[in-house]
Amino acid sequence: MTQPHIDTPATPHWRPLSRSRASAATQGAVGAETDEITDAAIEAKEISLWYGSAQAIGDITLKIERHRVTALIGPSGCGKSTFLRCMNRMNDLIPSVRMTGELFLDDQNILDQSVDPVELRRVVGMVFQKPNPFPKSVYDNVAFGARINGYKGNYDELVQHALERAALWDEVKDKLHTSGLALSGGQQQRLCIARALAVNPQVILMDEPCSALDPIATQRIEDLMRELAEDYTIVVVTHNMQQAARVSDRTAFMLAREDRVGRLVEYGLTEQIFTAPRDQRTEAYITGRFG
Amino acid sequence: MTLTRFNRELTVLEADVLELGAMVDRQIDRAMRALVDRDIPLARAVIRDDGELNRARFHLDNVCLSLLAQNAPYAGDLRLILAVLGIVTELERAGDHAEGIGRIVVLIAGAPPAAPLDELAEMARRARRMLSDALDAFARRDPELAYRVGRDDDGVDALYDRAYRTLVDAMIARPSAVEGCTRLLWVSHNLERIADRSTNIAERVVFLVSGTLPQMNVSSH
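Just so it is clear, the structure is predicted and the values come from calculations on it, not from any experiment. (Residues numbered from 1 in each chain as written. Chains lettered and ligands numbered in written order. Predicted model: local features only at pLDDT ≥ 70, side-chain atom pairs only at ≥ 80, totals over all residues. Heavy atoms only, no water.)

### Notes on the interface of chain B and chain A
Inference 1: Between chain B and chain A, the contact holds 13 residues from the first and 14 residues from the second.
Inference 2: Between chain B and chain A lies a buried interface of about 1,100 Å² when both sides are counted; carbon and sulfur atoms form 56% of it.
Inference 3: Our count for the contact surface shared by chain B and chain A stands at one salt bridge.
Inference 4: The partner of Arg289(A) in a salt bridge is Asp77(B), and the shortest N-O contact between them spans 2.5 Å.
Inference 5: Taken together, the links from chain B to chain A amount to five residue pairs in polar contact (both at pLDDT 80 or more).
Inference 6: Tallied by class, residues from the side of chain B that touches chain A come to six nonpolar, five polar and two charged. (Contact = heavy atoms within 4.5 Å. Buried area = accessible area lost by both parts, 1.4 Å probe. Salt bridge = Lys/Arg side-chain N within 4 Å of Asp/Glu carboxyl O. Polar contact = N/O pair within 3.5 Å; in protein donor to acceptor, adjacent residues only side chain to side chain. Nonpolar A, V, L, I, M, F, W, Y, C, P; charged D, E, K, R; others polar.)

Here it is in structure tokens:
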């Protein structure tokens, strides 16, 4: 099977401009600046996946850099969500799914059958397109995962800390025992992020996390992603090109050809992808010529 | 704005840049003819028409601003708009240098040239060729031609050095020619700067094509 062609770029003559992010200014965060990934949180090697006899993604090989935001972009049906779900084996929940290749979280191949998917999903949390709080109180939503895991510490502190990290504490501290479903859409999404953070993950996968949110709520989530990237590795699937350009350090462009198998076309620093992509297909997609 | 309309706007933008380039070239040509022919009315026309050129440049700046704000372009589209922003600035400045030559012609007020104008005429010919090549490179997305513009700048720099020597020698030999020769030194400086502006345009063409901005202009002037 043909490997995706990914060039190793020469050092640009010009130094990419510093990313102008509010969070970068306030948090001292510095985005990825070179194309080489020396500290990978996740490494995919020739990942292919089939739904029954239909192959959905083919031979995806890439590294996800630790404590950075990586965006997966591409037209509908290119397999980006499928690939995202490989990273915490959410696809295991679908009957007839078959995968080949290796997917390393640190040094462990998480596709190995000895890996417990439930434990894996604690370490690799997920936030979905539509906020999906449980029909429980704000407090219980956040404490839920810790309870399942038999957490023995102070729950009040855990809940407060997770809500603070998710930039939601100030808005809900006086209504911790009201239903999570009573919050606004943007608050519900941050509640889901707090719920993921409360079990102390290493990686947070986000599948179109802002597509159901208004622009203000979207901006809050994007700011939050930048802040969380200091301590967590974030992988986000988005159809919103501007969002990928704004929040991510690296961008992977996937595309399915006539055979409908999603493959990696180009992967690089976000600045490079959005200013000077190397592949004509990437150029055509991000300038809106197709997709 | 639909993509089709955006593409049309970009096509119009490119055509307008080339038109602005043609206006600048005409200004340089007329300024030099005014110098050689001691044609004061033509020099005044050059000075007057610089205002039109400035207005055209600011119009294109505003078009670029609107295209950026309304379309949030990426990749090749983004590079085109950024390249145009740089190119129109360089063109407007090149126009200012032509206007500068026009003003010198008015200052000289029809006096016979204080020194032979051959080197200045040759500088003007080469600078105009560089400008034309830079704009061709832009229209054709031709980085090879753009790099040639950068190399051609060395020839203009060498001519500038020769013109400087010639004019200084003329001043030493004939102190009464100091004022006239100084004016001609200014002309040569304007022409040298036009060549530099053309090189800067060529750099923008390389950026447009490749996404990297080379530094071609290492002139010591």
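What follows continues from the structure just given.
### Some points on a nonpolar patch on the surface
Inference 1: There is a patch of nonpolar side chains on the surface, built from Tyr51(A), Leu93(A) and Ile94(A) and spanning about 260 Å² of accessible area.
Inference 2: Of the residues examined, Leu93(A) reaches a relative accessible area of 57% and is grouped as exposed. (Patch = residues over 30% accessible without salt bridge, like charges linked within 9 Å, V, L, I, M, F, W, Y side chains within 5 Å. Areas by Shrake-Rupley, 256 points an atom, 1.4 Å probe, with all protein chains shown as cover. Buried < 20%, exposed > 50% of the residue type's maximum accessible area, 1.4 Å probe, protein only.)

### Some details on the pattern of salt bridges
Inference 1: One pass over the structure, following the stated rule, counts 37 salt bridges over all chains.
Inference 2: Of the charged contacts, one joins Arg66(A) and Asp39(A) as a salt bridge, the two residues approaching to 2.9 Å between their closest N and O atoms. Residue Arg66(A) is located in the loop between strand E2 (54-65) and strand E3 (69-73), and its partner Asp39(A) is located in the loop between helix H1 (22-27) and strand E1 (40-51); the two are separated by 27 residues in the primary sequence.
Inference 3: For Arg66(A), a relative accessible area of 25% gives the class partly exposed.
Inference 4: For the salt bridge of Glu14(B) with Arg141(B), the shortest nitrogen-to-oxygen distance reads 3.0 Å. Of the two residues, Glu14(B) sits in helix H1 (residues 3-37) while Arg141(B) sits in the loop between helix H4 (118-140) and helix H5 (143-173), which places them 127 residues apart along the sequence.
Inference 5: The exposure class assigned to Arg141(B) is partly exposed, which follows from its relative accessible area of 32%.
Inference 6: Linked by salt bridges that have partners in common, Asp25(B), Asp29(B), Arg33(B) and Arg128(B) make up one network. (Helix = DSSP H or I, 4+ residues; strand = E, 2+ residues; numbered from the N terminus.)

### Here we look at the packing of helix H7 (residues 185-197) of chain A against helix H8 (residues 215-228) of chain A
Residue and element names in this part refer to chain A.
Inference 1: Two elements in contact, H7 and H8, have axes separated by 9 Å at closest approach and are oriented at 20°. Relative to H8, the element H7 lies roughly parallel. Read as a crossing pair, H7 and H8 show a hand that is right-handed. On H8, the residues touching Gly186, Gln189, Arg190, Ile193 and Leu197 of H7 are Ala217, Arg220, Ile221, Leu224 and Leu228. (Axes fitted to C-alpha atoms, helices over the stretch in contact; angles between N-to-C directions. Parallel < 35°, antiparallel > 145°, perpendicular 65-115°, else oblique. Left-handed = near helix turned anticlockwise from the far one by under 90°.)

### Quick notes on the packing of helix H4 (residues 138-148) of chain A against H7(A)
Residue and element names in this part refer to chain A.
Inference 1: As a packed pair, H4 and H7 sit with axes 7 Å apart at the nearest point and diverge in direction by 35°. Considering the relative orientation of H4 and H7, their crossing is right-handed. Listed contacts from H7 to Val138, Asn141 and Val142 of H4 are Leu191, Ala194 and Arg195.
Inference 2: Of the residues in the contact of H4 with H7, the class split is four nonpolar, one polar and one charged.

### Remarks on H5(B)
Inference 1: Taking 1.5 Å of rise per residue, 31 residues should cover 45 Å, and H5(B) covers 46 Å from first to last C-alpha, within 8% of that figure.
Inference 2: Where H5(B) begins, the capping side chain belongs to Asp142(B), and its oxygen is found 3.0 Å from the backbone nitrogen of Glu144(B). (Expected span 1.5 Å × (residues − 1).)

### Some thoughts on the packing of aromatic side chains
What characterises a pair of aromatic rings is the spacing of the ring centres plus the angle enclosed by the ring planes.
Inference 1: For the coordinates displayed, the defined rule picks out four aromatic pairs over all chains.
Inference 2: Ring geometry for Phe274(A) versus Tyr74(B): centroids 4.7 Å apart, planes at 65°, classification edge-to-face. With one member in each of two chains, Phe274(A) in helix H10 (residues 270-275) and Tyr74(B) in the loop between helix H2 (40-71) and helix H3 (75-108) form a pair that bridges those chains.
Inference 3: You can call Phe274(A) buried: its relative accessible area is 4%.
Inference 4: Given a relative accessible area of 12%, Tyr74(B) falls into the buried group. (Phe/Tyr/Trp six-rings, centres within 6.5 Å; stacked < 30°, edge-to-face > 60°.)

### Some thoughts on unusual backbone geometry
Inference 1: Of note in this structure, Arg89(A) is not a glycine but carries a positive phi near 55°.
Inference 2: Turning to its location among the elements, Arg89(A) is positioned in the loop between helix H2 (80-86) and strand E4 (97-105).
Inference 3: With phi around 55°, Arg141(B) is a residue other than glycine that occupies positive phi space.

### Observations concerning the nonpolar core
Inference 1: Formed by 70 residues in total, the largest nonpolar core has its most connected members in Leu91(B), Leu120(B) and Leu191(B).
Inference 2: Looking at this core, the elements that each hand over two or more residues are H1, H2, H3, H4, H5 and helix H6 (178-210) of chain B.
Inference 3: When residues in this core are grouped by element, the largest group, 13 residues, is from H6(B).
Inference 4: Contact partners of Leu91(B), with chain neighbours within four places excluded, come to Val17(B), Leu20(B), Gly21(B), Val24(B), Leu53(B), Leu131(B), Leu135(B) and Ile201(B).
Inference 5: Grouped together as the second largest cluster of nonpolar side chains are 51 residues, Val142(A), Val172(A), Leu191(A) and Phe274(A) included. (Core = buried A, V, L, I, M, F, W, Y, C linked by side-chain atoms within 4.5 Å.)

### Some details on the pairing of strand E10 (residues 262-269) of chain A
All names here are of chain A.
Inference 1: Counting buried residues in E10 gives eight out of eight residues, a clear majority hidden from the surface.
Inference 2: As paired strands, strand E9 (residues 250-256) and E10 are joined by seven bridges and run antiparallel to one another. Bridging from a neighbouring strand, Ala252 pairs with Tyr267 of E10. (Pairing = 2+ DSSP bridges.)

### Regarding the side chain of Asn88(A)
Inference 1: Relative to the assigned elements, Asn88(A) resides in the loop between H2 and E4.
Inference 2: On the basis of relative accessible area, Asn88(A) is assigned to the buried category, the value being 1%.

### A word on the environment of Glu9(B)
Inference 1: Residue position: Glu9(B) is located in helix H1.
Inference 2: C-alpha separation for the pair Glu9(B) and Tyr160(B), spaced 151 residues apart in sequence, amounts to 40 Å.

### With respect to H7(A)
Residue and element names in this part refer to chain A.
Inference 1: Taking 1.5 Å of rise per residue, the 13 residues of H7 would be expected to cover 18 Å, and the 18 Å separating its terminal C-alpha atoms lies within 8% of that figure.
Inference 2: Among the 13 residues in H7, 12 count as buried, and that is most of the element.
Inference 3: Here H7 has its buried residues at Gly186, Gln187, Gln188, Gln189, Arg190, Leu191, Cys192, Ile193, Ala194, Arg195, Ala196 and Leu197.
Inference 4: Those residues of H7 that are buried lie in contact with strand E6 (124-127), H4, helix H5 (155-165), helix H6 (169-172), strand E7 (203-207) and H8.

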